[in-house]
Each structure stands twice: as structure tokens, then as C-alpha cells.
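Residues per chain, in single letters:
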Amino acid sequence: MQGYDTAVRTDDELLHDVGLIAECLARFEGLAARDDSGEVKALLEQALVSAAEMQQRLAAQQERIEKLEALSPTDELTGVLNRRGFMAHFARAMATARRAGGGGILAIIDVDDLKAINDRLGHLAGDAVLKRVAAVLTDNVRESDVVARIGGDEFAVLLSDARAGDGVDRCRDLERIVNNSEVVHENVQISLRASFGVERYCLDDTPEEVIARADSAMYCDKRKKPRYLRPWKEYAN
């Protein structure tokens, strides 16, 4: 029997090797008890080595993926900024406000009833809702504004260089648009529902302070609203 090749191999090569070894083991099943040549034992050893190598390779790949995701400024699901990207942008906006003496508006948006959707319709339906919310927000702000997903079901919209009254009015329009939107997932029409907290920021604020105030306003809005156990409509197939 040929010796085991210990050269570094690709994932496809590893998978191919494991498959071949599995086929060989299936052919040699039952021969272990009378294995005079040691062929079955050698095959088992090769299978164990390949499986261990594959496990190590996949673990290393997963670690690299997690590190890259942690460094990325973009939310993989929705395509908008993630919390890391948003905080970097917000810090720059605050620095600009301090230099120019201006300000802007922050809206924190929490998607209502997402747990009920995930529990009853599945996480793919919940993902469809999140992607639709991100799209509605992005489609209804200026190019200079920023949309981000900063938590599981939480979004942020930053209106830089916006006057207080005008910015608040725009956020209220955005709230109305989101809460009158829907998404169709498979044979289910899901109504979008979201709670908004809107706060102005100025040169004396920090990003954390503004986010805390907007969060508090958002939860006040959420407490006023009824909960919907079934914010969707199913269609017959």
C-alpha cells in the first residue's frame, strides 16, 4: 500500500480523499477480523488523519471568517452599515458638528413583533423583514444620510447637518412609510411594524449619549403600541 501523502491539500482534495477512503472502507467491511495485510487498519488511520485535518482546516476558516466579519463595516444580511461602521460614521459626524457648530438628527428604529415572525414563520421570514426594512429606510433618505443595522432587530438612521424641525419631520415621514410597508415571503404577506425614537444631536453631545436618548424615546414609543401575535396574512397555495 502506498504511503500517506502529508502535503498541504485544498479543501476539495481533502473531501475527495475522505470520500475515497469511505468507499474503500465500505468495500472492506467485515474484513477487519481477518485482516492479515493490515489494509483495513491503514485505511482507518488515513480516514482519521484526513478527518482531523479537515476539522482543523474548517475551524481555521471559521476563525478567519469571524475576524473578517468583525472588521467589516457592513451588515452581511441587509447590506447597510453594521454597528461598527455606524459608530465610526457617527463619530465623524459629531466631530464635524463640533468644528462647524452644527448638528443633526438620529433615529433609532426597532422592528416590532420580529420574535413572533421568527417563531411562527421561521428565521428566513424574519430575515426577509429585516432586509425589507433596510431597503425602505435606504430608499427614503438622502444620499448623505446614513442607514445602519446596529443590532438584531434594531436600525439607526443618521440625518447629518439637518435642522431640528425639518429632521424630525423627515423621521416622522420615514416612520409612516415603514409602518405602511410590507414584504411577501413565500405565500405570506407580512406587514412591517417598527418603533421610532428620534433625537437631535449637537456639538456638546457624545454618540453614546445621543444613542441612549434615542433608545429611551424608542422604547417609550414601543410601550404605547399594541403587540401583534400575527402581523401577517397567509395566502392559499
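Residues numbered from 1 in each chain as written. Predicted model: local features only at pLDDT ≥ 70, side-chain atom pairs only at ≥ 80, totals over all residues. Heavy atoms only, no water.

Caption draft 1: Representation of helix α7 (residues 207-224) in the model. Taking 1.5 Å per residue as the helical rise, α7 with its 18 residues ought to reach 26 Å, and the 26 Å between its terminal C-alpha atoms agrees with that figure. Those residues of α7 not exposed but buried are Pro207, Val210, Ile211, Ala214, Asp215, Met218, Asp221 and Lys222. Projected down its long axis, α7 shows its buried positions confined to an angular sector of 135 degrees, all on one face. For α7, the exposed residues set more than 90 degrees away from the buried face come down to Arg223 and Lys224. (Helix = DSSP H or I, 4+ residues; strand = E, 2+ residues; numbered from the N terminus. Expected span 1.5 Å × (residues − 1). Buried < 20%, exposed > 50% of the residue type's maximum accessible area, 1.4 Å probe, protein only. Arc of directions from axis to C-beta.)

Caption draft 2: Local environment of the sheet that holds strand β3 (residues 154-160). Spatially, four strands are ordered β2-β3-β1-β6 in an open sheet, and the strand pairing comes out antiparallel. Looking along the sheet, the strands with just one partner apiece sit at the ends: β2 (146-149) and β6 (194-202). Averaged over all neighbouring strand pairs, the angle between strand axes comes to 15 degrees, with direction disregarded. The sheet contact formed by β2 and β3 spans four bridges and is antiparallel. By the bridge assignment for β3, arginine 149 is matched with phenylalanine 155. Sitting on the sheet, helix α3 (residues 83-100) is in contact with β1 (103-111), β2, β3 and β6, with an inclination near 25 degrees to β3. Lying over the sheet, helix α5 (residues 123-139) contacts β1, β2 and β3, oriented at roughly 10 degrees with respect to β3. (Pairing = 2+ DSSP bridges. Axes fitted to C-alpha atoms, helices over the stretch in contact; angles between N-to-C directions. Contact = heavy atoms within 4.5 Å.)

Caption draft 3: Geometry of the nonpolar core. Ranked by size, the top nonpolar core spans 32 residues in total, and within it Ile109, Val129, Leu137, Phe155, Val157 and Ile190 carry the most contacts. At the level of elements, β1, α4 (114-121), α5, β3, α6 (164-178), β5 (188-191) and β6 are the ones that each hand at least two residues to this core. Here this core gets eight residues from one element, more than from any other, and that element is α5. Aside from chain neighbours lying at most four places away, what touches isoleucine 190 is Ile117, Leu121, Ala125, Val129, Ser181, Glu182, Val183, His185, Pro231 and Trp232. Residues Val146, Leu158, Tyr201 and Ala214 belong to the second largest nonpolar core, which totals 17 residues. (Core = buried A, V, L, I, M, F, W, Y, C linked by side-chain atoms within 4.5 Å.)

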